[in-house]
Amino acid sequence: VRGLPTPLDTKKETKKEPKEALVPTADALLSQKSWKKSISKKENKQRNFISYQDVVVQQTTAPSTIIDMRGPTSTPIIPLAKLPTNSTSTTTPTPPPKVGEELLYNITFLCNSYEDQLKSTHSFVSSTSSKVTSLANDVHQLQSSLQKQNEKIDTLTQVLSILNTMEQDVSVGRSRKEAEEILMTQLAS
């Protein structure tokens with residue numbers, strides 16, 4: 001019969017009992033529904049609202065404890081008015097911190113950090129100004145080198161033009177001496 005278990009199927013199923021796994025499966029967790037957040041109606045009804053006036057009254061009547069967070073451990077500070085008068089007490093309460101001690105530490109820390117920042121900025125400015133000076137010197141040297149190269153180019157172009165005129169004079173039929181004399185008169189003028 002389709003869909004209905006046969007007696008043979010039930011025997012096989014009873015023989016094969018599933019072993020419990022050490023880690024529950026996803027299906028087992030979902031069937032337990034322990035993952036859902038349970039919200040009870042009682043929790044919603046138990047909310048109690050306190051006005052600010054009640055909070056202020058509680059703060060003035062309740063003794064405030066100051067906790068000293070300096071050092072490796074935190075210790076509550078007992079005000080001097082509440083210190084025991086007998087000297088046989090075994091606990092030595094910490095006196096209240098000095099006024100402005102934390103402020104002084106913070107100001108010193110800020111001053112030191114700004115001083116370090118100022119020193120680094122000063123070194124950056126001085127290195128930048130030395131680079132600017134060095135680059136200005138390089139520019140001046142390159143300009144003077146360029147000027148000398150331009151003078152050499154002008155001299156060499158004049159020599160080339162002289163040689164070209166001598167070559168033309170010789171090709172026309174003048175003697176070399178005559179070409180030199182003409183050239184010297186042109187150079188003198």
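Residues numbered from 1 in each chain as written. Predicted model: local features only at pLDDT ≥ 70, side-chain atom pairs only at ≥ 80, totals over all residues. Heavy atoms only, no water.

**Things to note about the overall build of the chain**
Line of reasoning, step 1. Helix and strand counts for the chain stand at 6 helices and 2 strands.
Line of reasoning, step 2. Along its sequence from the N terminus, the chain presents helices and strands in the succession α-α-α-α-β-β-α-α.
Line of reasoning, step 3. Within the chain, the proportion of its 189 residues that are buried is 3%.
Line of reasoning, step 4. For the chain, long-range pairs separated by at least 24 residues make up 12% of all intrachain contacts whose partners lie at least 6 apart in sequence.
Line of reasoning, step 5. In the form shown here, the chain has an accessible surface area of approximately 18,200 Å², with 60% of it arising from carbon and sulfur atoms. (Helix = DSSP H or I, 4+ residues; strand = E, 2+ residues; numbered from the N terminus. Buried < 20%, exposed > 50% of the residue type's maximum accessible area, 1.4 Å probe, protein only. Contact = heavy atoms within 4.5 Å. Areas by Shrake-Rupley, 256 points an atom, 1.4 Å probe, with all protein chains shown as cover.)

**What about helix H5 (residues 101-172)?**
Line of reasoning, step 1. Over its 72 residues, H5 runs 106 Å from end to end, which matches the ideal 106 Å to within 8%, given 1.5 Å per residue.
Line of reasoning, step 2. Gly173 lies just past H5 and shows a positive phi near 125°. (Expected span 1.5 Å × (residues − 1).)

**Quick word on the packing of H5 against helix H6 (residues 176-188)**
Line of reasoning, step 1. The contact between H5 and H6 brings their axes to 9 Å, and the two run at 145°. Of the two possible hands of crossing, H5 and H6 adopt the one that is right-handed. Across the interface between the two elements, Ile162, Thr165, Met166 and Asp169 from H5 touch Ala179, Glu180, Leu183 and Leu187 from H6.
Line of reasoning, step 2. Split by residue class, the contact of H5 with H6 holds 5 nonpolar, 1 polar and 2 charged. (Axes fitted to C-alpha atoms, helices over the stretch in contact; angles between N-to-C directions. Left-handed = near helix turned anticlockwise from the far one by under 90°. Nonpolar A, V, L, I, M, F, W, Y, C, P; charged D, E, K, R; others polar.)

**Remarks on a nonpolar patch on the surface**
Line of reasoning, step 1. A grouping of Tyr105, Phe109, Leu110 and Tyr114 is seen on the molecular surface, where their side chains present a nonpolar patch of about 500 Å² in accessible area.
Line of reasoning, step 2. Relative to the helices and strands, Tyr105 resides in helix H5.
Line of reasoning, step 3. Under the relative-accessibility criterion, Tyr105 is labelled exposed at 56%. (Patch = residues over 30% accessible without salt bridge, like charges linked within 9 Å, V, L, I, M, F, W, Y side chains within 5 Å. Salt bridge = Lys/Arg side-chain N within 4 Å of Asp/Glu carboxyl O.)

**Examining the pattern of salt bridges**
Line of reasoning, step 1. By the definition in use, this model includes 1 salt bridge.
Line of reasoning, step 2. Across the salt bridge formed by Glu115 and Lys119, the nearest N and O atoms sit 3.7 Å from each other. Of this pair, Glu115 and Lys119 are both found in helix H5, 4 residues apart, which corresponds to roughly one turn of the helix.
Line of reasoning, step 3. Taking the relative accessible area as the measure of exposure, Glu115 reaches 40% and is therefore partly exposed.

**Some thoughts on the confidence of the model for the chain**
Line of reasoning, step 1. With 61% of its residues at a pLDDT of at least 70, the chain reaches an overall mean of 76.
Line of reasoning, step 2. Highest mean pLDDT in the chain belongs to H5 (91); lowest belongs to helix H3 (residues 41-45) (55). (pLDDT = per-residue confidence, 0-100.)

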